[in-house]
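# Observations on the model geometry
Listed below are the residues making up each chain.
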Amino acid sequence: MTAGLGLGEVLTGAPPARPAFTIEQTGDVAAYRALRREVFVEEQGLFGGPGTDGTDRDDRDDDPRLVVLVAHDRDGTLLGGVRLGPVTDHDIGWWFGGRLAVTHAGRRLRGVGAALVRAARAHAEAAGALRFDAEVQAANERYFARLGWRRVREVTVAGRPHVLMRAPVGRLAAAAASKQPLGGLLDGLHLGGAGFVGDDGAPVPGTDVIAACDAILPSMVERDPEWAGWCGVLVNLNDLAAMGAAPLGLLDSVAGRDAAFVGRVLAGLRDAARAYDVPVLGGHTQLGVPAALSVTALGRTDAPVPGGGGRPGQRVRLTADLGGGWRPGYSGRQWDSTSTRRTSELRAMLGAVGAARPAAAKDVSMAGVAGTLGMLAEAGGCGAVLDVAAVPRPAGATAGDWLTCFPGFAVLTADDAGRPALDAGPATGAECGELVPGGGVALRWPDGELTDALPAAVTGMGRA
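Residues numbered from 1 in each chain as written. Predicted model: local features only at pLDDT ≥ 70, side-chain atom pairs only at ≥ 80, totals over all residues. Heavy atoms only, no water.

Going by the annotation in an unreviewed UniProt entry, the name recorded for the protein chain is GNAT family N-acetyltransferase, with Pseudonocardia oceani given as the source organism.

Right, here's the structure in full:
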């Protein structure tokens, strides 16, 4: 195979050049620990002074979740290593990196240390980290800054000056990025009317009817037509539920290459409509064209709950169905809790907001928990703080995946302290933050530290 070869290597048939070094995760950490002792204790005397025990080992080395990455040269000789892992007993997405050590030979071979730092950061983010910290010797602050790390504050380690540094993690902002153009695109349309701009559905003027409409990604319709049909019902009924509306019926518009394909989409839609006990009232079907699906849902309430009804000081609650698991083929992106629920359970979740009537509610969309909270706060003219450790999360999902995925059924609400929780059948709820003056969304960690999740408004649509 020629994958990874340069043009000259392909044309001449020359063997590919071997990299000067490789980085991999290792379970045999003896050589890495010996290198750490050589560098930190013997060479730098960092742990050999008064008040130390002459070893750089600590409790983190005994954590079975600890990850060690090592660099080897072409002959398999160790050049360097670094350790990383979760900070808290229950992994909430807060990771640390440290004990970066490089041999004398590795220091002469340019880029080993930087590659280890980058690999550690990539591994942590892939494991769901939303905060990645390292205590860096003061002399190495500029080195880490060139790699994109940010200074937090001065700290002391083993009696020596260090700097707590943090790698920026932009995963939450990336999940919400698709919402940013909305303010400009929809300017002047006043969708939803006063008090409901940017909401999940729209009150129909002069009636008690709420209308909601969502389209499914064409690539998803093509790839998984039955699931696309199910989700066409799911997302629209969630939109009605977030406004406290009871569903009346559905309309669909479906397209595809032939009748067999469109039949698969409609089979998923039909199954979901039956499961939720909501009738399909009509729609439109087109054949011989690229795959597409959009669904409109109609519901009824005489007092819709606005997404923008929250105010600073109110508590934020997430209510989510933690059952089920990742949809096959969508691990880390789509959580499927609804396809195995009974009708009574599905309807209990749909009716929870309407029964509790919080000040504000918004169902969690493809922008994820953090992005949806940003939209709820933006519509209320404020910002939000999310307590990461308090967010209800299934055991099978990392913090990074859960806060950025589409979670099946999940709704964020804001209300005054002491108000009752949502009674949402099988769904789990917990207070996990509050609305605050300002804008954007910050994450609050168990040590009291705040980190930016969304530094500014999500949609630009402004206050509802």
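### Looking at the layout of surface pockets
Empty space among the atoms can be located by rolling a probe the size of a water molecule over them. Of the pockets and cavities examined, the largest pocket occupies roughly 1100 Å³. For the largest pocket, the lining is made up of 39 residues, of which Lys179, Asp200, Cys213, Asp214 and Asp239 are closest to its centre. Listed by contribution, the elements that provide at least two residues to the lining of the largest pocket are β9 (209-216), α8 (218-223), α9 (225-242), β16 (360-363) and α13 (368-379). Ranked by residues supplied to the lining of the largest pocket, first place goes to β9 with 6 residues. Per-class residue counts for the lining of the largest pocket are 21 nonpolar, 10 polar and 8 charged. Approximately 830 Å³ is the volume found for the second largest pocket. Around the second largest pocket, the lining comprises 42 residues; the ones closest to its centre are Phe40, Arg99, Leu100, Gln137 and Asn140. For the lining of the second largest pocket, the elements supplying multiple residues, two or more each, are α2 (30-43), β3 (78-86), β4 (94-102), α3 (104-108), α4 (112-126), β5 (131-137) and α5 (141-146). Top element by residues in the lining of the second largest pocket is β4. It accounts for 7 residues. Taken together, the residues of the lining of the second largest pocket sort by class into 22 nonpolar, 10 polar and 10 charged. (1 Å grid on protein atoms, 1.4 Å probe; cavity = no way out; pocket = protein on both sides within 12 Å on 5 of 7 lines; lining within 4 Å. Points joined across faces, edges and corners; volume = space filled by probe spheres on them. Helix = DSSP H or I, 4+ residues; strand = E, 2+ residues; numbered from the N terminus. Nonpolar A, V, L, I, M, F, W, Y, C, P; charged D, E, K, R; others polar.)

### Focus: the sheet that holds strand β8 (residues 202-203)
In spatial order, the strands read β8-β9-β12-β10-β11; together these 5 strands make up an open sheet with mixed pairing. In this open sheet, the two edge strands, each paired with only one partner strand, are β8 and β11 (280-287). In this sheet, β11 lies alongside strand β10 (residues 246-256) in parallel orientation, the contact comprising 7 bridges. Along β11, the bridge assignment pairs Gly256 with Leu287. In this fold α9 packs onto β9, β10 and β12 (292-300), with an angle of close to 145° to the strand it touches most, β9. (Pairing = 2+ DSSP bridges. Contact = heavy atoms within 4.5 Å. Axes fitted to C-alpha atoms, helices over the stretch in contact; angles between N-to-C directions.)

### Overview of the pattern of salt bridges
By the definition in use, this model includes 33 salt bridges. Ionic pairing is found between Asp61 and Arg36, a salt bridge with its closest N-O pair at 2.8 Å. Of this pair, Asp61 sits in the loop between α2 and β2 (67-73) while Arg36 sits in helix α2, and the two are 25 residues apart along the sequence. With respect to class, Asp61 is no different from Arg36; both count as buried. (Salt bridge = Lys/Arg side-chain N within 4 Å of Asp/Glu carboxyl O. Buried < 20%, exposed > 50% of the residue type's maximum accessible area, 1.4 Å probe, protein only.)

### A closer look at the pairing of β12
Of the two faces of β12, only one is covered, namely that formed by Leu293, Val295, Ala297 and Gly299; the face formed by Ala292, Ser294, Thr296, Leu298 and Arg300 stays uncovered. Alignment of β9 against β12, held across 8 bridges, turns out to be antiparallel. Bridge pairing in β12 places Ile216 opposite Leu293. Relative to β12, β10 runs antiparallel, the two sharing 9 bridges. Each bridged residue has a counterpart across the sheet, and for Gly249 the counterpart in β12 is Leu298.

### Comments concerning the nonpolar core
Looking at soluble globular proteins, one finds that nonpolar side chains tend to be buried together. With 48 residues, the main nonpolar core has Ile216, Val221, Leu237, Leu250, Tyr276 and Leu293 as its most contacted residues. Of all the secondary structure elements, the ones that give two or more residues to this core are β9, α8, α9, β10, α10 (259-276), β12, α11 (343-350) and α12 (352-356). Looking at which element gives the most residues to this core, the answer is α9, with 10 residues. Of all hydrophobic cores here, the second largest spans 40 residues; its members include Leu376, Leu386, Val391 and Val441. (Core = buried A, V, L, I, M, F, W, Y, C linked by side-chain atoms within 4.5 Å.)

### A closer look at the packing of aromatic side chains
This model, assessed by the stated rule, comprises 6 aromatic pairs. An angle of 50° between the planes, with centres 5.4 Å apart, marks the rings of Phe132 and Trp149 as tilted. Of this pair, Phe132 sits in strand β5 while Trp149 sits in the loop between α5 and β6 (150-157), placing them 17 residues apart in sequence. A centroid spacing of 5.9 Å and a plane angle of 70° characterise the contact between Tyr143 and Phe144, whose relative ring orientation is edge-to-face. With a relative accessible area of 29%, Tyr143 lands in the partly exposed category. Given a relative accessible area of 9%, Phe144 falls into the buried group. A connected cluster of aromatic rings, assembled from ring pairs, spans Phe132, Tyr143, Phe144 and Trp149. The residue whose ring lies beneath Arg60 is Phe96, and the NZ or CZ to ring-centre distance is 3.9 Å. (Phe/Tyr/Trp six-rings, centres within 6.5 Å; stacked < 30°, edge-to-face > 60°. Lys NZ or Arg CZ within 6 Å of the ring centre and 35° of its normal.)

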